[in-house]
Amino acid sequence: MNLRQLEVFLAVVETGSFSRAAEEVLLTQSTVSQHVAALENELGTRLFDRTGRGAELTDGGRLFRQHARKVLAECADLRLVMARFRGMEDPQLTVGASNIPANYLIPGMLPLLAIRHPGLVLRVVAGDSRDILGRLSAGEVALAVLGDRFDENEVNFIPLLSDQLPLVVGSGHPWQGRRSVELEELAAMPLVVREAGSGSGRAVEQALRKAGIDSTRLRIVAQLGSNEAVKQAVVGGFGAAFLSSLSVRRELAHGELSVVSVAGMNVERYFWLATRRERTLSPAAQAFIRLFEELYSVRVSSVGVPPDVPRTDRST
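Owing to the predicted nature of the structure, the values given are computational and were not obtained by experimental measurement.

Draft legend 1. Fine view of the overall build of the chain. Along the chain, the regular secondary structure elements total 12 helices and 14 strands. When the backbone C-alpha atoms are referred to their principal axes, the chain occupies close to 105 × 40 × 35 Å. Relative to its 316 residues, the chain shows a buried fraction of 46%. Look at the contacts in the chain between residues 6 or more apart in sequence, and 75% of them connect residues 24 or more apart. A total of about 16400 Å² of accessible surface is found on the chain, and carbon and sulfur atoms cover 49% of it.

Now the structure itself:
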């Protein structure tokens, strides 16, 4: 059974004649008869009585007509839905993002997104990088912008932007006004850090290791679940923290925070676009990537992995 046979059957129903149905569907009368006969053979039921008045539906034919119309109506709806999907008339796009991209990169895209694609509804699922990677692998999000990269066979990682994570202190902190501190001073200073699994936290650990400092030597006084929580704690005078430069611009400009460099240590990480391998991105997802390229001057389609970009093994 196929859709063409259903269309031919309904043409016979509407016209009441095999010959007039043939004209309607641009087939020969014998071909129309073959289509109807094939349906009857498959169903094991006679659909029409051939009478002097034309083709009249049997009881089985009337039942079949009811469902055939539903099937063809659903197919018409399906074609319309897919046309709207291609044209992005009313699609929804679910994007995963770790803390910093969710709060400081993606919101900046919304005005242009509304202008270019007014029918597109963007839904952002935020979490730490490892959590969002799991959601991507499970198909819960179409793509993800992450602050960390993992060895994952089923996921493509494309570098987007670099991000510096300077050490910052609040007003009234003992280090306020100092331009730099030594590594040993850092180890003794109360620090506020992100939760395990965050990209920024792992970037700090890697930078400490590279500088020869064991992270277990640090005096960690609080571990908080978001960049904003860490920032507010430091603004309030509680400890020091390594925070994304994207997230502290306003506080630095208003004097609420100050940057203190750490001799021999530089904390930098990349934001990554993560997509599932061998999966076709929807038109909405492709439009999202194009806008990201335009706003942040990156080339997602052609950029390669820059040298010395740290990789994170999921087993560590």
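Draft legend 2. The pattern of salt bridges, seen in detail. The final tally for this structure, using the stated rule, is 17 salt bridges. Of the charged contacts in the structure, one is a salt bridge between Arg46 and Asp49, with a shortest N-O distance of 3.8 Å. The partly exposed category is assigned to Asp49, whose relative accessible area is 36%. With a shortest N-O distance of 3.4 Å, Glu256 and Arg250 are connected by a salt bridge. Several salt bridges converge on common partners, so that one network encompasses Glu228, Lys231, Arg250, Glu251 and Glu256.

Draft legend 3. A look at the packing of helix H1 (residues 3-15) against helix H2 (residues 18-25). Where H1 meets H2, the closest approach of the two axes is 8 Å, and the angle between their N-to-C directions is 125°. Considering the angle they form, H1 stands oblique to H2. Where H1 crosses over H2, the handedness of that crossing is right-handed. Here Arg4, Glu7, Val8, Ala11, Val12 and Thr15 of H1 lie close against H2, whose contacting residues are Phe18, Arg20, Ala21 and Val25.

Draft legend 4. Representation of helix H10 (residues 227-235) in the model. Residues of H10 that are buried: Asn227, Val230, Lys231, Ala233, Val234 and Val235. Following H10 by one or two positions, Gly237 has its phi on the positive side, about 95°.

Draft legend 5. Inspection of a nonpolar patch on the surface at higher detail. Taken together, the side chains of Leu78, Val81, Met82 and Phe85 define a hydrophobic patch exposed on the protein surface, amounting to about 350 Å² of accessible area. The residue Met82 is located in helix H4 (residues 59-87) in this model. Overall, Met82 belongs to the partly exposed group, its relative accessible area being 37%.

Draft legend 6. Molecular detail of helix H12 (residues 283-296). Spanning 14 residues, H12 covers 20 Å between terminal C-alpha atoms, matching the ideal 20 Å at 1.5 Å per step. Turning to H12, its buried residues number three or more, namely Ala284, Ala285, Ala287, Phe288, Ile289, Leu291, Phe292 and Glu293. Trailing H12 by a residue or two, Ser297 shows a phi angle of about 55°, which is positive.

Draft legend 7. Looking closely at unusual backbone geometry. One non-glycine residue with positive phi stands out, namely Leu26, at about 60°. Unlike most non-glycine residues, Ser297 shows phi in positive territory, near 55°. Residue placement: Ser297 occurs in the segment after H12.

Draft legend 8. Fine view of the sheet that holds strand E14 (residues 268-276). Strand order across the open sheet formed by 5 strands is E4-E3-E5-E14-E6, with mixed pairing between neighbours. Each end of this open sheet is capped by a strand with a single partner; those strands are strand E4 (121-126) and strand E6 (155-164). Neighbour-to-neighbour, the strand axes of the sheet open up by a mean angle of 20°, direction not taken into account. Relative to E14, strand E5 (residues 143-146) runs antiparallel, the two sharing 3 bridges.

Draft legend 9. Just the pairing of strand E9 (residues 190-194), in detail. Counting buried positions along E9 gives 4 out of 5 residues, so the element sits mostly inside the fold. As paired elements, E9 and strand E10 (residues 219-224) share 5 bridges and run parallel to each other. Residue Pro190 lies in a different strand from E10, and its bridge partner there is Arg219.

Draft legend 10. Main features of the side chain of Glu40. With respect to the helices and strands, the residue Glu40 is situated in helix H3 (residues 29-43). Within polar-contact distance, the side chain of Glu40 engages the backbone nitrogen of Leu47 at 2.8 Å. What Glu40 contacts, discounting residues up to four positions off in sequence, is Thr45, Arg46, Leu47, Phe48 and Arg50.

Draft legend 11. Structural view of the packing of H2 against H3. With their axes 8 Å apart at the nearest point, H2 and H3 run at an angle of 100° to one another. In terms of axis orientation, H2 runs roughly perpendicular to H3. Residue-level inspection shows Phe18, Ser19, Ala21, Ala22 and Val25 of H2 in contact with H3, the latter providing Gln29, Val32, Ser33 and Val36. Grouping the constituent residues of the contact of H2 with H3 by class yields 6 nonpolar, 3 polar and no charged.

Cut-offs used in this document
- Residues numbered from 1 in each chain as written.
- Predicted model: local features only at pLDDT ≥ 70, side-chain atom pairs only at ≥ 80, totals over all residues.
- Heavy atoms only, no water.
- Helix = DSSP H or I, 4+ residues; strand = E, 2+ residues; numbered from the N terminus.
- Buried < 20%, exposed > 50% of the residue type's maximum accessible area, 1.4 Å probe, protein only.
- Contact = heavy atoms within 4.5 Å.
- Areas by Shrake-Rupley, 256 points an atom, 1.4 Å probe, with all protein chains shown as cover.
- Salt bridge = Lys/Arg side-chain N within 4 Å of Asp/Glu carboxyl O.
- Axes fitted to C-alpha atoms, helices over the stretch in contact; angles between N-to-C directions.
- Parallel < 35°, antiparallel > 145°, perpendicular 65-115°, else oblique.
- Left-handed = near helix turned anticlockwise from the far one by under 90°.
- Patch = residues over 30% accessible without salt bridge, like charges linked within 9 Å, V, L, I, M, F, W, Y side chains within 5 Å.
- Expected span 1.5 Å × (residues − 1).
- Pairing = 2+ DSSP bridges.
- Polar contact = N/O pair within 3.5 Å; in protein donor to acceptor, adjacent residues only side chain to side chain.
- Nonpolar A, V, L, I, M, F, W, Y, C, P; charged D, E, K, R; others polar.

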